[in-house]
Amino acid sequence: MRKSHLAAPRYERQNLLPEFGDRGQARLSGSRVLVVGAGGLGSPVLLYLVAAGIGRITFMDPDVVDESNLHRQILHLTPDIGRPKVDSALEKLSRLNPLVAIDARNDRFSVENAMHILSEGYDIIVDATDGFENKFLVNDAAVLSNTPLVCGGVLGWEGQVMSVLPARSACYRCLFGSPPAPGSVPTPAQAGLIGTAPAVVGSLQATEVIKLLLKKGRLLLDRLMVMDLLVGEIRTIEVHRDTSCPVCGEAPKITSLVKENYNH
Ligand SMILES: [Zn+2]
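Computed from a predicted structure; not experimentally measured.

(A) Focus on the coordination of the zinc ion. In the first shell of the zinc ion, the protein supplies Cys171 (SG), Cys174 (SG), Cys245 (SG) and Cys248 (SG), at 2.3 Å from the metal. Coordination geometry of the zinc ion: the four donor atoms subtend angles of 93 to 117° at the metal centre, consistent with an arrangement described as tetrahedral. Donor residues binding the zinc ion come from one chain and are separated in sequence as C-x2-C-x70-C-x2-C. Assessed through its relative accessible area of 1%, Cys245 is described here as buried. On the basis of relative accessible area, Cys248 is assigned to the buried category, the value being 9%.

This is the structure in structure tokens:
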């Protein structure tokens, strides 16, 4: 990004923050972030990261826009129903900020492609997926490639956020072990979801990314932020690395990605 772009009026308000200073915008502009998912969480994550001027953003999603997505997936509009989510999202994101290089991939983040994608070299990966299998896969790929990760999850009126620095702070598996048996825990498609829950969680995830890139503030490391929007309560729970964690513990059993670990 050219130097003049770093002082573009679109960045004026954030550049006023002491945490940005002279170099903050250059840090964001020199960074590369991978966002897995362009749905409920991906919408706010992508909108705010593109608006903030992250230099290069890759995002991926294999799905097409469904009418039932629209109450929460605010990147997609009624005329987008039936379009690939990545096409719909790319159209809005490139209009929002043409200074950002955006790479949209109509593909699922999978056991087969995860490590190859992460070998492209990302500063941060953002989990904007749904489904436990996907969340464990993104976590394990982040840990195995030593890529910082920002996790987020939503269900009903509730949400949670946590950041992970592999081998330095608790990972998703340290907290949750392994994916629950299929059908044992309800999904948003079964239990329902308020549209604003992914908006809150995704905005917090984008904030964690910005703090991580700026190296400012206190990240949600070894801390799980949990919120119940129905009663208006947000708490931050201290969590710890599990020395017997199968992926980041002292004797990890997971040293590569194999389908059996994700109920795929
Ligand atoms: Zn772990």
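So, next bit.
(B) How the structure looks around helix α5 (residues 85–96). The terminal C-alpha atoms of α5, which comprises twelve residues, lie 16 Å apart, in line with the 16 Å expected from a rise of 1.5 Å per residue. Those residues of α5 not exposed but buried are Lys85, Val86, Ser88, Ala89, Lys92 and Leu93. Each buried residue of α5 sits inside an arc of 160° when the element is viewed along its axis, so together they form one side. Here the buried face of α5 lies against α4 (42–52), β2 (56–60) and β3 (101–105).

(C) Spotlight on the pairing of β3. Both β2 and β3 contribute to a ladder of five bridges, which runs parallel. When the bridges of β3 are listed, Ile57 appears paired with Ile102. Viewed along the sheet, the connection from β2 through α5 into β3 turns out right-handed.

(D) Structural context of a positive patch on the surface. A contiguous patch of positive charge on the surface is contributed by Arg23, Arg27, Lys215 and Lys216. Position of Lys216 among the secondary structure elements: in the loop between α10 (196–214) and β7 (223–228).

(E) Seen up close, the pairing of strand β1 (residues 32–36). A large share of β1 lies buried, amounting to five of its five residues. On β1, burial covers both faces: Arg32, Leu34 and Val36 on one face and Val33 and Val35 on the other are all buried. Note that β1 and strand β4 (residues 124–127) share four bridges and pair parallel. Looking at β4, one finds that Val36 is bridged to Asp127.

(F) The arrangement of the sheet that holds β1 in detail. Strands sit in the order β3-β2-β1-β4-β5-β6-β7-β8 across an open sheet of eight strands; the sheet is mixed. Bordering the open sheet on either side are β3 and β8 (233–238), each of which pairs with just one other strand. When the angles between neighbouring strand axes are averaged without regard to direction, this sheet yields 15°. Along the sheet face, α5 touches β2 and β3 and points at about 170° away from the line of β3. Those strands touched by helix α7 (residues 132–144) are β1, β4 and β5 (149–155), and its axis lies near 170° from that of β5.

(G) Expanded view of the packing of aromatic side chains. Taken as a whole and assessed by the stated rule, the structure comprises two aromatic pairs. Residues Tyr172 and Phe176 carry aromatic rings whose centres are separated by 4.8 Å and whose planes lie at 50° to one another, so their mutual orientation is tilted. Residue Tyr172 and its partner Phe176 are located together in helix α8 (residues 172–176), separated by four residues, close to a single helical turn. Using a relative accessible area of 7% as the deciding quantity, one classes Tyr172 as buried. An aromatic cluster is built from Phe136, Tyr172 and Phe176, whose rings are joined through pairwise contacts.

Reading guide: rules and limits
- Residues numbered from 1 in each chain as written.
- Predicted model: local features only at pLDDT ≥ 70, side-chain atom pairs only at ≥ 80, totals over all residues.
- Heavy atoms only, no water.
- Donors = N, O, S within 2.8 Å, 3.2 Å for Na, K, Ca; no water.
- Tetrahedral: all angles 85-135°; square planar, octahedral: opposite > 155°, others 65-115°.
- Buried < 20%, exposed > 50% of the residue type's maximum accessible area, 1.4 Å probe, protein only.
- Helix = DSSP H or I, 4+ residues; strand = E, 2+ residues; numbered from the N terminus.
- Expected span 1.5 Å × (residues − 1).
- Arc of directions from axis to C-beta.
- Contact = heavy atoms within 4.5 Å.
- Pairing = 2+ DSSP bridges.
- Right-handed = clockwise from strand over helix to strand, strands pointing away.
- Patch = residues over 30% accessible without salt bridge, like charges linked within 9 Å, V, L, I, M, F, W, Y side chains within 5 Å.
- Areas by Shrake-Rupley, 256 points an atom, 1.4 Å probe, with all protein chains shown as cover.
- Salt bridge = Lys/Arg side-chain N within 4 Å of Asp/Glu carboxyl O.
- Lys, Arg positive; Asp, Glu negative; His and termini not counted.
- Charge placed at Lys NZ, Arg CZ, Asp CG, Glu CD.
- Axes fitted to C-alpha atoms, helices over the stretch in contact; angles between N-to-C directions.
- Phe/Tyr/Trp six-rings, centres within 6.5 Å; stacked < 30°, edge-to-face > 60°.

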